[in-house]
Amino acid sequence: MMSEVPQKIILKHYGISPWEVNVVTSILDKKFFIEHDELENDFSDKFVSLIEIPFPYAFNAEFFKWFEYKEWDRLKGIFKEMKRRRGDGKAIKLDLSFSGKPTIRFLVELDDSQWFRTAVEKIDFVVELLDYHLNPEKLPDNLSEAVYQFDKDSMRWKLNYVIADKQKFVNSDDGWKVII
């Protein structure tokens, strides 16, 4: 259930212009109380810019109805514009997470602008597949986080890894395997 009281989002970022931060904030602050955490880029992942938004609600159709599809489209539009302004290469990393059981996280780390735009455009499509993807019979027990990355070969979002019992698992031909 969505709260009438604005929930807090701590917007983490680096390499984002004040104008871009302002536009993202203007969209989010219609529904959330926004705090900013401007990070220092340590260049460990080679990205020029990062924007991380942890939504305090579950990733489901109810969220998009509450947030309003028009506003979600505006937010996607600014993400795509941010990539356009930076060009191809490791220009911007987008990390969107949605709290819930489990936390659903989307990592957009694509060098090519067209793939980046396609990935951003298709995030909300995953709602329709979530029950299938998160079928408890197919996943490790005590799932706490499911992390998606966009697969260019299939042109869709795929579970990249999951976290269960504080362990990271990747999918293999033989099922889910613990990785270090």
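For the structure itself, consult the block above.
Summary of the structure given here. In this text the structure is predicted, and so the values were computed from the model without any measurement. (Residues numbered from 1 in each chain as written. Predicted model: local features only at pLDDT ≥ 70, side-chain atom pairs only at ≥ 80, totals over all residues. Heavy atoms only, no water.)

1. Section: the side chain of serine 97
The line we're drawing: Counting from the N terminus, the helices are DSSP H or I runs at least four residues long and the strands are E runs at least two residues long. Only protein chains enter the calculation, and the probe is 1.4 Å; a residue is then buried if its accessible area is under 20% of its type maximum, exposed if over 50%, and partly exposed in between. Residue contacts are counted whenever heavy atoms from the two residues lie within 4.5 Å of one another.
One can find serine 97 in strand β4 (residues 92-98). Taking relative accessible area as the criterion, serine 97 reaches 13% and is therefore assigned buried. With residues near it in sequence (within four places) discarded, serine 97 still touches Ile53, Pro54, Phe55, Thr103, Ile104 and Arg105.

2. Here we look at the packing of helix α1 (residues 18-28) against helix α3 (residues 69-86)
In plain terms, the rule: Lines are fitted to the C-alpha atoms to define the axes, a helix being fitted only along its stretch in contact, and any angle between axes, read from their N-to-C directions, falls within 0 to 180 degrees. When an angle is under 35 degrees it counts as roughly parallel; over 145 it counts as roughly antiparallel; between 65 and 115 it counts as roughly perpendicular; any other value is oblique. Any residue outside Ala, Val, Leu, Ile, Met, Phe, Trp, Tyr, Cys, Pro, Asp, Glu, Lys and Arg is labelled polar, Gly included; the first ten of those are nonpolar and the last four are charged.
Interhelical geometry of α1 versus α3 gives an angle of 170° and a closest axis separation of 9 Å. Between α1 and α3, the interaxial angle falls into the category roughly antiparallel. Where α1 abuts α3, its residues Trp19, Glu20, Val23, Val24, Ile27 and Leu28 lie against Glu71, Arg74, Leu75, Ile78, Phe79, Met82, Arg85 and Arg86. Residue composition of the contact of α1 with α3, grouped by class: nine nonpolar, no polar and five charged.

3. Considerations on the pairing of strand β9 (residues 175-179)
Consecutive side chains of a regular strand alternate in pointing toward one face of the sheet and then the other. Keep this limit in mind: One bridge is not enough; two strands pair if DSSP finds at least two bridges between them.
As paired strands, strand β8 (residues 167-172) and β9 are joined by five bridges and run antiparallel to one another. Note on β9: the bridge partner recorded for phenylalanine 169 is valine 178. Counting the residues in the hairpin turn of β8 and β9 gives two residues.

4. Things to note about the nonpolar core
The criterion, for reference: Only buried Ala, Val, Leu, Ile, Met, Phe, Trp, Tyr and Cys residues count toward a nonpolar core, and they belong to the same one when joined by side-chain atoms within 4.5 Å.
Formed by 51 residues in total, the largest nonpolar core has its most connected members in Phe32, Ile53, Phe55, Phe59, Phe63, Leu75 and Phe79. Not counting the four nearest positions on each side in its chain, phenylalanine 63 is found in contact with Met2, Phe32, Phe55, Tyr57, Ala58 and Phe98.

5. Quick word on the packing of aromatic side chains
Just so we agree on the cut-off: Under the pairing criterion, centres of Phe, Tyr and Trp rings, with the six-membered ring standing for Trp, must be within 6.5 Å; the plane angle then separates stacked pairs below 30 degrees from edge-to-face pairs above 60, leaving the rest tilted. Here, a charge over a ring is recorded when the distance from Lys NZ or Arg CZ to the ring centre is within 6 Å and its angle to the ring normal is within 35 degrees.
In this structure the tally under the stated criterion is 27 aromatic pairs. Seen in terms of ring centroids, phenylalanine 59 and phenylalanine 64 are 5.5 Å apart; in terms of plane orientation they differ by 85°. Their pairing is edge-to-face. With respect to class, phenylalanine 59 is no different from phenylalanine 64; both count as buried. Plain terms: the ring middles of phenylalanine 150 and tryptophan 157 are 5.7 Å apart, the flat faces sit at 75° to each other, and that makes the pair edge-to-face. Taken as a pair, phenylalanine 150 and tryptophan 157 share a single burial class, namely buried. The ring centre of tryptophan 66 lies 4.9 Å from the NZ or CZ of lysine 31, which sits over that ring. Note that lysine 168 overlies the ring of tyrosine 161, its terminal NZ or CZ placed 4.1 Å from the centroid.

6. Re the pattern of salt bridges
Should the charged atoms of two oppositely charged side chains come close, the side chains can pair. Which entries qualify depends on this criterion: When a carboxyl oxygen of Asp or Glu lies within 4 Å of a side-chain nitrogen of Lys or Arg, that pair is called a salt bridge.
For the structure shown, the criterion picks out 16 salt bridges. Among the ionic pairs, lysine 8 bridges to glutamate 35, the shortest N-O distance being 3.7 Å. Pair noted here: lysine 8 is in strand β1 (residues 7-14) and glutamate 35 is in strand β2 (residues 32-38), with a separation of 27 residues, a long-range link. For glutamate 35, a relative accessible area of 31% gives the class partly exposed. Among the salt bridges present, the one from arginine 105 reaches aspartate 95, with a minimum N-O distance of 3.0 Å. Pair noted here: arginine 105 is in strand β5 (residues 103-108) and aspartate 95 is in strand β4, with a separation of ten residues, a long-range link. Its relative accessible area of 6% is what places aspartate 95 among the buried residues. Through salt bridges with shared partners, one network takes in Asp73, Lys76, Lys80, Glu121 and Asp124.

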